[in-house]
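Overview (structure and organization)
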Amino acid sequence: MRWSTILQQCYFLSVTCLLTALEAVPIDIDKTKVKGAQPVDSAKIEPPDTGLYYDEYLKQVIDVLETDNHFREKLQKADIEEIKSGRLSKELDLVSHHVRTKLDELKRQEVGRLRMLIKAKLDSLHDTGIDYHALLKQFDHLNHMNPDKFESTDLDMLIKAATSDLENYDKTRHEEFKKYEMMKEHERREYLKTLSEEKRKEEESKFEEMKKKHENHPKVNHPGSKDQLKEVWEEADGLDPNDFDPKTFFKLHDVNNDGFLDEQELEALFTKELEKVYDPKNEEDDMVEMEEERLRMREHVMNETLDQQQFFTEEELKEYENLISLQENELKKKAGELQKQKEELQRQHDQLEAQKLEYHQVIQQMEQKKLQQELSPSVPGGESKFKPRM
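Thresholds, definitions, all that
Residues numbered from 1 in each chain as written. Predicted model: local features only at pLDDT ≥ 70, side-chain atom pairs only at ≥ 80, totals over all residues. Heavy atoms only, no water. Phe/Tyr/Trp six-rings, centres within 6.5 Å; stacked < 30°, edge-to-face > 60°. Helix = DSSP H or I, 4+ residues; strand = E, 2+ residues; numbered from the N terminus. Buried < 20%, exposed > 50% of the residue type's maximum accessible area, 1.4 Å probe, protein only. Lys NZ or Arg CZ within 6 Å of the ring centre and 35° of its normal. Axes fitted to C-alpha atoms, helices over the stretch in contact; angles between N-to-C directions. Left-handed = near helix turned anticlockwise from the far one by under 90°. Contact = heavy atoms within 4.5 Å. Nonpolar A, V, L, I, M, F, W, Y, C, P; charged D, E, K, R; others polar. Salt bridge = Lys/Arg side-chain N within 4 Å of Asp/Glu carboxyl O.

Some details on the packing of aromatic side chains
The final tally for this structure, using the stated rule, is four aromatic pairs. Ring geometry for W233 and F244: centres 5.3 Å apart, planes at 75 degrees, overall edge-to-face. Here W233, found in helix 10 (residues 226–236), pairs with F244, found in the loop between helix 10 and helix 11 (246–253); they are 11 residues apart in sequence, far enough to count as distant. Summarising the burial analysis for this pair, W233 and F244 share the class buried. Members of the aromatic cluster, connected to one another through ring pairs, are W233, F244 and F249. Taking the ring centre of F207 as reference, the NZ or CZ of R188 above it sits at 3.9 Å.

Dropping the structure here:
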């Protein structure tokens, strides 16, 4: 069982409860008879990218800890609260010396990486006074007071930081999608302003037609409902809907056999429903919106609530457009300043070129004068020293 999965169990336990709560006759299905089913080697399955800036460090620590038999056994028996409370971190004192040495090395590499990031950022700001010790305090996934040793405090901080950050991950994705939607609507409105009245009406009519076309799709089952899961059972798994069994369904879709449906496994269940609404070949279907819907479906199954409100309000759009306007004005101001600087540099360049040309002309005149003097030597008074023979 991978530690990254354990950290996310609190999100996925309700899926197990949902499936076992569905009423059906228990049956035993041979996975080898399922259409398209392929045997999965859980050892080859890579853990998903958490989106955390210390994702690689987190995975490496997990991999090293799982090489210790004692810690792996404790980890498999631990519950969510025991992991999140930090009690599991105390088991670090009992791992082998080789594992501790490897963890120390990983921490030194991570501290070095963070220092390089800080230095690069400060160099871009031309800040030469670097207090690494103070700046490392902003990273809460390790103990910066001891940069050379990985201690139980480091494991505790890593678990708590990852748990907290993963809880906020979906919120960040929603915010990014909201900005995407507002920018898309802003650009559409700005485009309409450039059109004539007739063209604008045509575009508005086309926009409304595309919305209606997008909404005209087969019935979408409620996320996590028995109908939705049975449709996956029948159409994706190729099994008889009359033989639907929640436990067998769970085993079929627990791809890495860790006993939980993680984020990717759960969201994969909604592919069939999303394909009813979104088609990449259709102009009216936005694939970015499809992924947002996938996320919302997964959250609904976990939270048992589905927010049907629009992605953003008119007030939020106006506020976003005002922000864009301020940024555009600031960019125009900077562009104007840069243009003035460019013009001044061009003026100085032209002035230098003119001076350079004048200098070359003076040098050329002096050389011509010197050459004439050498070809026509004269005596005082301007008369030639040589007189013609009489």
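Structure's up, so let's keep going.
Notes on the packing of helix 10 against helix 11
Helix 11 packs onto helix 10 with a crossing angle of 65 degrees between their chain directions and a minimal axis gap of 11 Å. Helix 11 is crossed by helix 10, and the crossing has left-handed handedness. Along its contact with helix 10, which presents L229, V232 and W233, the element helix 11 presents T248, F249, L252 and H253. For the contact of helix 10 with helix 11, the residue count by class is five nonpolar, two polar and no charged.

Some remarks on the pattern of salt bridges
Across all of its chains, the model carries 22 salt bridges by this definition. Residue R188 is joined to E185 by a salt bridge in which the shortest nitrogen-to-oxygen separation is 3.0 Å. Residue R188 and its partner E185 are located together in helix 8 (residues 152–193), separated by three residues, close to a single helical turn. The salt bridge partner of K276 is E273, with a shortest N-O separation of 3.2 Å. Taken together, the residues K276 and E273, both in helix 13 (residues 271–277) and three residues apart, mark about one turn of the helix. The same class applies to K276 and to E273, which are both buried. Three or more residues joined by partner-sharing salt bridges are found here, namely E181, K184, D286 and E289.

So yeah, pure geometry; function would need other evidence.
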